[in-house]
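Here is how the chains run, residue by residue.
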Amino acid sequence: MAKVTPKENFMMLAHGGHPEYVPVYTMMGIPYLGEVADAMIMDPTFTANHFVDGGYDMWGVRYVAPEAGVQATMPDTSIIMLEDIADWSKVIKFPKPNDVDYDRAYKEGLEKANIDRTQTVLKGGPGLMPFQELVAMMGFEGGLMALYTDPEEVKAMLNAMVDHIEPYFMKMYEASKPDMWYILDDTCAKQTPFFSPEIYEDVFLPIYKRLARPAMENDIPVVFHNCGYCEPFMEMMTQFNVQILEPAQESNDIMACKERFKGKMSFCGGWDWDLHMPKNYPEFDEEEIRQGVRDAIDKNCKGGAYGFAGGVASRADDAEVAQKINLIVRDEAHWYGRKVYGYTGE
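Along every chain, residues carry numbers that run from 1 in the direction the sequence is written. It should be noted that, the model being predicted, local features are given only for residues of pLDDT at least 70 and side-chain atom pairs only at 80 or more, the latter also being counted only at that level, while totals for whole chains, interfaces and linings use all residues. With hydrogens and water excluded, all non-hydrogen atoms of the structure serve as input to the side-chain values.

(A) Fine view of the overall build of the protein. Counting from the N terminus, the helices are the DSSP runs of H or I reaching at least four residues and the strands are the DSSP runs of E reaching at least two. Of the regular secondary structure elements, the protein holds 12 helices and nine strands. Counting the 346 residues in the protein, one finds 53% classified as buried. Note on contacts: a residue pair is in contact if any heavy atoms of the two residues lie within 4.5 Å. Within the protein, counting contacts between residues at least 6 apart in sequence, those at least 24 apart form 69% of the total. Working note: accessible area of the protein is about 16300 Å², and carbon and sulfur atoms make up 53% of it. Distance from the positive charge centre (32 side chains) to the negative charge centre (55 side chains) of the protein: 4 Å. Only protein chains enter the accessibility calculation, which uses a 1.4 Å probe; a residue is then buried when its area is under 20% of its type maximum, exposed when over 50%, and partly exposed in between. The method behind every accessible area is Shrake-Rupley, applied with a 1.4 Å probe, and residues are considered shielded solely by the protein chains displayed. Charged residues are defined narrowly, with Lys and Arg counted positive, Asp and Glu counted negative, and His plus the chain ends left uncounted. Charge positions come from single atoms, namely NZ of Lys, CZ of Arg, CG of Asp or CD of Glu.

(B) Geometry of the nonpolar core. Buried Ala, Val, Leu, Ile, Met, Phe, Trp, Tyr and Cys residues form a nonpolar core when they are joined through side-chain atoms within 4.5 Å. Within the largest apolar cluster, 59 residues are counted, with the highest numbers of intra-cluster contacts made by Met157, Phe224, Met237 and Phe240. Only α4 (130-149), α5 (151-176), β5 (180-184), α6 (197-211), β6 (222-225), α8 (234-237), β7 (242-246) and α9 (254-260) provide two or more residues apiece to this core. The element that contributes the greatest number of residues to this core is α5, accounting for 10 residues. Dropping the residues within four chain positions of it, Phe224 is found in contact with Ile183, Leu184, Asp185, Tyr200, Tyr208, Met237, Phe240, Val242, Ile244, Leu245 and Glu246.

(C) Structural view of a nonpolar patch on the surface. Residues enter patches when they are more than 30% accessible in relative terms and free of salt bridges; like-charged ones are connected within 9 Å and nonpolar ones (Val, Leu, Ile, Met, Phe, Trp, Tyr) within 5 Å. A pair is scored as a salt bridge if a Lys or Arg side-chain nitrogen falls within 4 Å of a carboxyl oxygen belonging to Asp or Glu. Residues Met27, Met28 and Ile30 make up a contiguous nonpolar surface patch of about 330 Å² in total accessible area. Following the sequence through the fold, Met27 ends up in the loop between α1 (6-11) and β1 (38-40).

(D) The arrangement of helix α3 (residues 102-113) in detail. In this analysis, the expected span of each helix is defined as 1.5 Å times one less than the number of residues it contains. In this model, α3 (12 residues) spans 16 Å end to end at C-alpha, consistent with the 16 Å of a helix rising 1.5 Å per residue. Regarding α3, the residues found buried are Tyr102, Ala105, Tyr106, Gly109 and Leu110. Each buried residue of α3 lies within a common arc of 135° when the element is viewed along its axis, so the set occupies one face. Facing away from the buried side of α3 by over 90 degrees, the exposed positions are Arg104, Lys107, Glu111 and Lys112. Residues of α3 that are buried in the fold lie against β4 (121-124) and α5. With a side-chain oxygen positioned 3.3 Å from the backbone nitrogen of Asp103, the residue opening α3 is Asp101. Positioned one or two residues after α3, Asn114 has a phi angle of 55°, which is positive. This arc describes the spread of directions from the helix axis toward the C-beta atoms. Polar contact is the term for a pair of N or O atoms within 3.5 Å; when the atoms are in protein, one must be able to donate a hydrogen and the other to accept it, and sequence-neighboring residues count only if both atoms are side-chain atoms.

Take it as geometry only, folks, not as evidence of what the structure does.
Encoded structure:
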């Protein structure tokens, strides 16, 4: 096989295609051995600092670090920003856009991310997670009840939010012309969705189509992040150009999904940390970790349409151990992912 760039290989996943080797997908575009399949430039239109403890997202939701010390932040569940969905227009303060030179922002973003577009897929995105924002504002109980009792108000709120941000993410798209479009929204728990396919179709599908507008109008693939068991929603995902789904957790039957959406969609995932955590963690056997990665690739790689994704989301008190395991996982996925397809382009 001829040598391909990480970008070329990852692009082969579009429409459920067959790459020359199994790509290693990381949500944040973390490079390994000088290569990274995909990375993203953030749109600087709206200021948000929700990645820091006590920060706020662009809609005013406060984020805090959880007590477990996981290296991430989550909405502050002690604060219910929106008690009644009918009051959304009175409560939500639509964020003021920054004064952005989009051509300059694109160039600075490339430089900051150290992205070579001949080697790495560039993703852009709208930056709104509709369901997650709803429950961040109302709490899970309040958000789910609003979907059941007053879906029209939920739709009105989400459409108003898209109305506000759409002109700006379209400008960023035009300046950067990304290779793929990235949308995130966790609508599912590990074993089941949070709501019915009927609610998905009625409330969220039209919103996702609006958020996917640049991809649909310019025929570029959508990479969609949706944790949990999301098989009941996958058919509708194809309606807004989702061609790569991540993180494709193991509660989904990835091989069955590949067959069901053959020629339409690929899946990046297949290795859930909770299913592979060593019994004596933080002690671990390196070979056991490597074998788990090989097993995941063997299970899911046949016929292509698959990229490996998996790793440890560490707590503050085990960051060093988690980093060691993540390096082992990445190394094994990198080399074994080439072996299974017989790639000889190195």
